[in-house]
Amino acid sequence: MARIAVIGPGALGCLFAGVLAAAGHDVGLVCRRAELAEQLAWEGVAVEREGVVRRARVWTCLAGQAVAPVEVVLVLVKSFDTESAAHAAAPLLGPDSVVVTLQNGLGNAERLAGVLGTGRVLAGVTSQGATLLSPGHVRHAGFGPSYVTEMEGGDGPRARRLAQLLSAAGLPTESAADLSALVWGKLVTNVAINPLTALTGLRNGQLLDSPHTASLVDELAREAATVAQALGVRLPFDDAAAYARRTAELTRANRSSMLQDVERQRRTEIDAISGVVVELAERLGVPVPANQVVYRLVKGVESRYFGPSAG
Ligand code: KPL
């Protein structure tokens, strides 16, 4: 049994916390709001899978609060909150604790390492899909794989141990050797799926059911892969469009994180997903017309609830 803290009580945070706690680990959720921390400590986390709800007990604490050290801190906040998550992780660490990011977007591991030091950080990606139904209650609606690697490079013993722990709990995970291949591989799928679901209201798999959205999935993924290649990244697949389609299929029933954000009128991760691709493409002189359009459209959707001058 491991003592694990999850920072970020959103859809994926509750999924990982609930599954790990149900597997017998001592799991805590780090919250920003006292009211939510109290509710989750009282009610636990409920994970719904194919109509069956499984509730698991978790402990909670507030960001910044010191508790007995944990072995693993899982960071599952939005990419724009990574730095505050790093500060929230600091008081939870003992001499051998590791901090693991499984977030979307580029640069999260580097931001954590900037506060906590490179030696503490493991980086990873997950294609698990979760929909937050209400605070602490998630639907597990996508069953993609997860990967973890040492930030300093290589498939070290800590990454292997973590992969084993997650896999044994029911979250299939492999350790991997190349951080940039991992994060770019995931970015290519997020670029292809997230903005389109946010703009259309479709679930991930439904994007493949219309030839119009399916061909856009392909275009967005291929453009992002071209940027990765121009940067010298060795992507973990040959066919970016096929890889993005496969993730959409594996997470068919899920509402992407970006769709859930626009439905709740929250800030999306569009800057860390399409925004970085557009920016790097401009710098490298690589044309990414489809990504430019969806980037601006999602910004337009955000301006509907944040006002025209936002972001
Ligand atoms: O990462 C995801 C997200 O929604 O952010 C996928 C894998 C696309 C699952 O929905």
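Residues numbered from 1 in each chain as written. Predicted model: local features only at pLDDT ≥ 70, side-chain atom pairs only at ≥ 80, totals over all residues. Heavy atoms only, no water.

**Things to note about the pattern of salt bridges**
Per the stated rule, a full pass over the model turns up 14 salt bridges. Among the salt bridges present, the one from Arg139 reaches Glu48, with a minimum N-O distance of 3.5 Å. Residue Arg139 is located in strand β9 (residues 137–150), and its partner Glu48 is located in strand β3 (residues 45–49); the two are separated by 91 residues in the primary sequence. A relative accessible area of 14% places Glu48 in the buried class. For the salt bridge of Glu150 with Arg158, the shortest nitrogen-to-oxygen distance reads 2.8 Å. Residue Glu150 is classed as buried on the basis of its relative accessible area of 8%. The exposure class of Arg158 is partly exposed, given its relative accessible area of 24%. Each of Asp209, Glu249 and Arg252 takes part in a single network of salt bridges with overlapping partners. (Salt bridge = Lys/Arg side-chain N within 4 Å of Asp/Glu carboxyl O. Helix = DSSP H or I, 4+ residues; strand = E, 2+ residues; numbered from the N terminus. Buried < 20%, exposed > 50% of the residue type's maximum accessible area, 1.4 Å probe, protein only.)

**Things to note about the domain arrangement of the chain**
Domains assigned within the chain are domain 1 (3–177) and domain 2 (181–302). When each unit is reduced to the centre of its C-alpha atoms, the spacing between domain 1 and domain 2 is 23 Å. Between domain 1 and domain 2, the residue contacts involve 26 residues of the former and 24 residues of the latter. Summing the contributions of domain 1 and of domain 2, the shared interface buries around 2,000 Å²; its carbon and sulfur component is 57%. The largest share of the area that domain 1 buries against domain 2 comes from Phe80, Asn104 and Leu106, three residues that together contribute 31% of it. At the boundary of domain 1 with domain 2, the tally comes to one salt bridge. (Domains from an automatic or database assignment. Contact = heavy atoms within 4.5 Å. Buried area = accessible area lost by both parts, 1.4 Å probe.)

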